[in-house]
Amino acid sequence: TNRFRIVYGKKFLDPDAVRANEEIAEIIKKFGVQFVCADNGAGHFANRDLEMRLGMPVLRVCYAGDRLKMQWDGIAGMYKASRTRTLIDSFTNIRHGRVWFYDWKKFKDLAPHFLAEYHEETFDNRGNVVLKFDHPDSKPDDALHAFNVMFSVFKETRDPKGFIFG
């Protein structure tokens, strides 16, 4: 099949990144993952800790502007991605059935993270439509962004066909 397969996902509730990374590293090893990517965000320490546990690099992605969908920044050592443009691409691929999510019974806890997202259209100073994605403060969208970062890197690099996200 020509669909992007997600084979595992989990919401980590422990705010201690070191303890969460212990489990994440075990899951990655269990599935034989050979390629790991993560939102760079505020997770510099967590990403580095995960690299040390795995003995492999963690490819970092940072949301930065909307000019280009994805661009490798060799100086920073990470991909810079348009939050809006990558989310449009991710939602379009989900809507068209190009993404396969694992067993619903297991995925249903993460589904609200995808369903909470909405978009608003505003206008810039030239009258162009500007699309902005957001979510209510009371509803997290962390799993959506973990998926978005992973799916965007996949689309950019065409690396592994099945991914784990959390």
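Shown above is the structure to which this text applies.
Residues numbered from 1 in each chain as written. Predicted model: local features only at pLDDT ≥ 70, side-chain atom pairs only at ≥ 80, totals over all residues. Heavy atoms only, no water.

Asks: Help me understand the pairing of strand β5 (residues 78-81), please; the structure alone is not making it clear to me.
Replies: Successive side chains on a regular strand alternate, one facing one side of the sheet and the next facing the other. Sheet topology note: the strand β3 (residues 58-63)/β5 ladder contains four bridges and is parallel. Bridge pairing in β5 links R60 to M78. In the sheet, strand β4 (residues 70-73) pairs with β5 via four bridges, with the strands oriented antiparallel. Within β5, the position partnered with W72 by the bridge is Y79. (Pairing = 2+ DSSP bridges. Helix = DSSP H or I, 4+ residues; strand = E, 2+ residues; numbered from the N terminus.)

Asks: Honestly, the packing of helix α1 (residues 17-31) against helix α2 (residues 44-54) in this entry has me stumped. Any pointers?
Replies: In helix packing, the relevant descriptors are the interaxial angle and the interaxial distance, both defined with respect to the helix axes. Across the interface, α1 lies against α2 with an axial gap of 10 Å and an inter-helix angle of 40°. In terms of orientation, α1 lies oblique with respect to α2. When you trace α1 past α2, the crossing you get is right-handed. Where α1 approaches α2, its residues A17, V18, N21, E22, I24, A25, I28 and K29 are matched on the opposing element by F45, A46, D49, L50, R53 and L54. (Axes fitted to C-alpha atoms, helices over the stretch in contact; angles between N-to-C directions. Parallel < 35°, antiparallel > 145°, perpendicular 65-115°, else oblique. Left-handed = near helix turned anticlockwise from the far one by under 90°. Contact = heavy atoms within 4.5 Å.)

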